[in-house]
Amino acid sequence: MTAYERCRVLLRFADLIEQHADEVAALETWDNGKTLTQSAGAEVPMLARCMRYYAGWADKIHGLVVPADGAHHAQVLHEPVGVAGQIIPWNFPLLMFAWKVGPALACGNTVVLKTAEQTPLSALYVASLLHEAGLPDGVLNVVSGFGPTAGAALCSHMGVDKLAFTGSTGTGQIVLELAARSNLKPVTLELGGKSPFIVMDDADVDQAVELAHHAVFFNQGQCCCAGSRTFVHERVYDEFVEKSKARAMKRVVGDPFRNGVEQGPQIDEEQFKKILRYVQSGVDSGATLLAGGDRAGNRGFYIQPTVFADAKDDMKIAREEIFGPVQTILKFSGVEEVIRRANASHYGLAAGVFTRSLGAANTLSRALRVGTVWVNCYDVFDAGIPFGGYKMSGVGREKGVYALRNYLQTKAVVTPIRGAAWL
Ligand SMILES: NC(=O)c1ccc[n+]([C@@H]2O[C@H](COP(=O)([O-])OP(=O)(O)OC[C@H]3O[C@@H](n4cnc5c(N)ncnc54)[C@H](O)[C@@H]3O)[C@@H](O)[C@H]2O)c1
């Protein structure tokens, strides 16, 4: 297929997503439990946008001519890597599909994509739309299956030329090992996090409370980049804590298909129980439980929006990824101190900085060892902005021009030139 034809297929796909937006959004909510408002208002438009973004790149990917020493013509070709194996998680099934499939197809690869066992539906449905848009059979193959069988088979396969994985750090380590033991296929990893959300003493407290609340509770708290360590300056701490408690208690939990609901159920029983164990460990380690702390209702995997204050850095709730609706508030007194504490983590995915001071924003954005710093905002995911982690939060970047590099081989072609005019 020519690059222009690939571009047109992706553009037609984006149009079809919009035509079928209601079904796509309903499937995503049915599969995952996230609110329909979010599926319809964020996930579906972002899927279409991401596809148009990469459609735009398809016919603008090209190599270089290098001015080599002597009488040689040296070209650098950018070729597709071949078969891309992609493994995605359950927390954002459609978005993860978009971030993986968009750049891989734009660059001319074929794909075998394995969805998470909890959420197989929306990817199967949108893959059928992609075929309706003109993608030839066999170019995109969506596989439903379990991690240790289907996922591991993909990682070990000698015919797979590249792997892209999003999920937990522990599974990421297995994926990398399987790739190394088979054919040394290159791997990009987007893994877990324990992202700091830093509220300075000059912040507008009401705005900071609202943003910090969304940073952690969005998507039932099931975000790799959840702002799950809320660091608050001592001068605004008491006011911030009181208001965060009130905000969490107002959060509407219930049927994700109902209008006005902000929080649906957790993905499954395993995650539900794991989150409640973390809540118990917070109580046992002496953090102050201000709101929630238990299941919501007595049916389904719903959890009360939970807020802990007075947490200490060495508590489990302040160190490990909870992946649930649990806010952990920590107090700090100076910039140097908060930089040191925020960076004292094996993770380095994202950070939020809330301040009116340009100086503080500049200092923090450069000092924090994370892949994304959101200043006075959070969870902004434009298709063109790179996303990925430092340290154990990942390897490589997705989205933007950076994701193209994951799906291209670089080939040098050198030919002699007879009677070069310049020699
Ligand atoms: N960073 C993220 O976006 C993200 C997403 C989901 C879960 N998580 C974290 O992971 C924790 C566990 O959730 P999970 O068990 O669903 O995540 P996971 O990492 O086990 O699953 C993610 C994907 O990897 C696959 N997988 C699992 N084992 C595999 C293996 N041995 N080889 C190849 N593929 C394999 C799964 O089938 C799924 O498609 C969560 O509590 C959360 O902390 C992070």
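Conventions and cut-offs
Residues numbered from 1 in each chain as written. Predicted model: local features only at pLDDT ≥ 70, side-chain atom pairs only at ≥ 80, totals over all residues. Heavy atoms only, no water. Helix = DSSP H or I, 4+ residues; strand = E, 2+ residues; numbered from the N terminus. Expected span 1.5 Å × (residues − 1). Buried < 20%, exposed > 50% of the residue type's maximum accessible area, 1.4 Å probe, protein only. Contact = heavy atoms within 4.5 Å. Core = buried A, V, L, I, M, F, W, Y, C linked by side-chain atoms within 4.5 Å. Near = heavy atom within 4 Å. Polar contact = N/O pair within 3.5 Å; in protein donor to acceptor, adjacent residues only side chain to side chain. Areas by Shrake-Rupley, 256 points an atom, 1.4 Å probe, with all protein chains shown as cover. UniProt positions renumbered as here; feature names shortened; annotations may be inferred. Phe/Tyr/Trp six-rings, centres within 6.5 Å; stacked < 30°, edge-to-face > 60°. Lys NZ or Arg CZ within 6 Å of the ring centre and 35° of its normal. Salt bridge = Lys/Arg side-chain N within 4 Å of Asp/Glu carboxyl O.

Draft legend 1. Structural context of helix 10 (residues 269-284). Compared with an ideal rise of 1.5 Å per residue, which puts 16 residues at 22 Å, helix 10 spans 22 Å between its outermost C-alpha atoms and is within 8% of the ideal. Turning to helix 10, its buried residues are Gln 271, Phe 272, Ile 275, Tyr 278, Val 279, Ser 281 and Gly 282. The inward-facing, buried residues of helix 10 contact strand 11 (306-309), helix 11 (316-319) and strand 12 (326-332). Of the residues trailing helix 10, Gly 286 is marked for its positive phi of about 100°.

Draft legend 2. Quick look at the nonpolar core. Residues Phe 13, Met 51, Phe 97, Leu 130, Leu 140 and Phe 240 are the most contacted members of the largest nonpolar core, which totals 82 residues. The element best represented in this core is helix 4 (residues 93-106), accounting for ten residues. Discounting chain neighbours no more than four positions away, the residues touching Met 51 are Leu 10, Phe 13, Ala 14, Ile 17, Phe 97, Ala 98, Val 101 and Gly 102. Judged by nonpolar contacts, the second largest core, of 27 residues, contains Tyr 278, Val 279, Leu 330 and Leu 368.

Draft legend 3. Quick peek at the site of the ligand. Lining the immediate surroundings of the ligand are 28 residues, of which Trp 90, Glu 117, Ser 168, Lys 274 and Glu 321 lie closest. In this structure, an oxygen atom belonging to the ligand sits 3.5 Å away from a side-chain N or O atom of Asn 91. The side chain of Glu 117 places a nitrogen or oxygen atom 2.6 Å from an oxygen atom of the ligand. In isolation the ligand has 810 Å² of accessible area, and contact with the protein removes 89% of it. Among the secondary structure elements, those contributing two or more residues to the shell around the ligand are strand 4 (110-115), helix 6 (147-156), strand 6 (162-166), helix 7 (169-181) and helix 10. No other element matches helix 6, which puts five residues into the shell around the ligand.

Draft legend 4. The arrangement of the UniProt feature "domain: Aldehyde dehydrogenase" (unreviewed entry) in the protein in detail. According to UniProt, the "domain: Aldehyde dehydrogenase" (unreviewed entry) feature falls on residues 1-413. Taken end to end, residues 1-413 comprises 42% helix and 20% strand; its first and last C-alpha atoms sit 22 Å apart.

Draft legend 5. Expanded view of the packing of aromatic side chains. Under the defined criterion, the tally for this structure stands at twelve aromatic pairs. Relative to Phe 301, the ring of Phe 272 lies with its centre 5.5 Å away and its plane at 50°, an arrangement referred to as tilted. Within this pair, whereas Phe 272 is found in helix 10, its partner Phe 301 is found in the loop between strand 10 (288-291) and strand 11, the two being separated by 29 residues in sequence. Given the relative accessible area of 7%, Phe 272 is considered buried. Arranged with centres 5.6 Å apart and planes meeting at 80°, the rings of Trp 374 and Phe 381 form a pair that is edge-to-face. When sorted by exposure, Trp 374 lands in the same class as Phe 381, which is buried. Geometry around Tyr 407 places Lys 162 over its ring, the cationic atom sitting 5.6 Å from the centre.

Draft legend 6. Broad picture of the side chain of Thr 230. Tracing the sequence through the fold places Thr 230 in strand 9 (residues 229-233). Polar contacts involving the side chain of Thr 230 include one to the side chain of Gln 327, which spans 3.3 Å. In contact with Thr 230, other than residues within four places in its own chain, are Phe 197, Ala 212, Phe 240, Gln 327, Thr 328, Ile 329 and Leu 330.

Draft legend 7. Looking closely at the pattern of salt bridges. One pass over the full model with this rule turns up 17 salt bridges. Between Arg 341 and Asp 313 there is a salt bridge, and its shortest N-O distance comes to 2.7 Å. Separated by 28 residues along the polypeptide, Arg 341 in helix 12 (residues 335-343) and Asp 313 in the loop between strand 11 and helix 11 bring together distant segments of the chain. Look at Arg 341 and you get buried, because its relative accessible area is 12%. Each of Glu 210, Arg 247, Arg 251 and Glu 262 takes part in one network of salt bridges that share partners.

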